[in-house]
Amino acid sequence: AVTSGARLIRCERRRNAGGARNLGIGEARGDLIAFLDADVEIGAHWLARAIEVFRSDASVVAVGGRIVNGRPGRFGDLDLYLNHSEWISTSARSCTTFPTMAVVYRRDAVGPVRFPETNYGEDTFFAHAVRARGGRIWFDPAIRIVHMHERLDAERFWARQIDAGRQLYLTRRALELPGKV
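Draft legend 1. Focus on helix α6 (residues 154-174). Here α6 is 21 residues long and its end C-alpha atoms lie 30 Å apart, about the 30 Å a rise of 1.5 Å per residue gives. Buried within α6 we find Phe157, Gln161, Ala164 and Thr171. Taken down its axis, α6 places every buried residue within 100° of arc, on the same side. In α6, the exposed positions angled more than 90 degrees off the buried face are occupied by Glu155 and Trp158.

Draft legend 2. Spatial organisation of the nonpolar core. Of all hydrophobic cores here, the largest spans 34 residues; its most connected members are Phe35, Phe98, Tyr105, Phe126, Val130, Ile137 and Ile145. Elements with a contribution of two residues or more to this core: β1 (32-36), α2 (46-56), β3 (60-69), β5 (102-106), α4 (107-110), α5 (122-132) and β6 (136-147). Ignoring any residue separated from it by four or fewer positions in sequence, one finds Ile137 in contact with Val61, Ala62, Arg93, Ser94, Cys95, Thr96, Thr97, Phe98, Tyr105, Ala127 and Arg131.

Draft legend 3. Spatial organisation of the pairing of β3. Among the ten residues that make up β3, nine are buried, leaving the element largely enclosed by the rest of the structure. Here β3 runs beside β5; their pairing, made up of three bridges, is antiparallel. When the sheet's bridge partners are listed, Gly64 is paired in β5 with Val103.

Draft legend 4. Examining the packing of aromatic side chains more closely. Across all of its chains, the model carries six aromatic pairs by this definition. Both rings, one in Phe35 and one in Tyr105, keep their centres 6.2 Å apart while their planes meet at 80°; by these two values the pair is edge-to-face. With Phe35 in strand β1 and Tyr105 in strand β5, this pair connects stretches of sequence that are 70 residues apart. The same class applies to Phe35 and to Tyr105, which are both buried. On the numbers, 3.9 Å between centres and 5° between planes, the contact of Phe115 with Phe126 is stacked. Residue Phe115 is found in the loop between α4 and α5, and its partner Phe126 is found in helix α5; the two are separated by eleven residues along the sequence.

Draft legend 5. Seen up close, the environment of Gly18. Its place among the elements puts Gly18 in helix α1 (residues 16-27). Exposure remark for Gly18: the relative accessible area of 0% places this residue in the buried category. Taking C-alpha positions, Gly18 is 19 Å from Arg7, a pair spaced eleven residues apart along the chain. Filtering out sequence-adjacent residues up to four positions away, Gly18 remains in contact with Phe115, Pro116, Glu117, Thr118 and Glu122.

Draft legend 6. Main features of the packing of helix α3 (residues 74-84) against α6. At a closest axis distance of 10 Å, the pairing of α3 and α6 adopts a crossing angle of 10°. In terms of orientation, α3 and α6 fall into the roughly parallel class. Every residue of α6 that contacts α3 at Phe75, Leu78, Asp79, Leu82, Asn83 and His84 is listed here: Ala154, Phe157, Arg160, Gln161 and Ala164.

Draft legend 7. Spotlight on α1. Between the first and last C-alpha of α1 there are 17 Å, a value that for twelve residues agrees with the 16 Å anticipated at 1.5 Å per step. Among the residues of α1, those classed as buried are Gly18, Gly19, Arg21, Asn22 and Ile25. The arc that holds the buried residues of α1, viewed along the axis, is 160°, so those residues lie on one side. On the buried face of α1, the contacting elements are β1, α4 and α5.

Quick notes on the rules
- Residues numbered from 1 in each chain as written.
- Predicted model: local features only at pLDDT ≥ 70, side-chain atom pairs only at ≥ 80, totals over all residues.
- Heavy atoms only, no water.
- Helix = DSSP H or I, 4+ residues; strand = E, 2+ residues; numbered from the N terminus.
- Expected span 1.5 Å × (residues − 1).
- Buried < 20%, exposed > 50% of the residue type's maximum accessible area, 1.4 Å probe, protein only.
- Arc of directions from axis to C-beta.
- Core = buried A, V, L, I, M, F, W, Y, C linked by side-chain atoms within 4.5 Å.
- Contact = heavy atoms within 4.5 Å.
- Pairing = 2+ DSSP bridges.
- Phe/Tyr/Trp six-rings, centres within 6.5 Å; stacked < 30°, edge-to-face > 60°.
- Axes fitted to C-alpha atoms, helices over the stretch in contact; angles between N-to-C directions.
- Parallel < 35°, antiparallel > 145°, perpendicular 65-115°, else oblique.

Encoded structure:
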């Protein structure tokens, strides 16, 4: 059951992560569009904090926070550092992109931009396209995002790193960014 006034939207066909997010953008009615992954725990004041940032700086088009490992251990910690090290800092700053695990965008900044209907790098493509329209993506460490990723043993960790590397390569190649080798 869905509570708190949320409305459940079902995809009629498989649309991957990007396509499902596009469906959500199309159905959203507010001035802000928030993305929150199922494997994330976020504080109750997440949206209020993002609104404060937007109100304090009109050039900010998106706000994300500090990613914390919700499943500590050797392989979970390594995964956090290898895949999310850009977003574990305690210093607020502009950044080039932010994962959709917990991020808020201004609707007017998004405009006609949509996610590619893929499961690889779709959040990076989206962030770059929104930034290209003008504005900054803001990293606010006061927002704490607890990522409850799957439990990793050595074999699953290795498979995840290979998959993440493949996704990173494809995204960097498609966006003509450094680090394509």
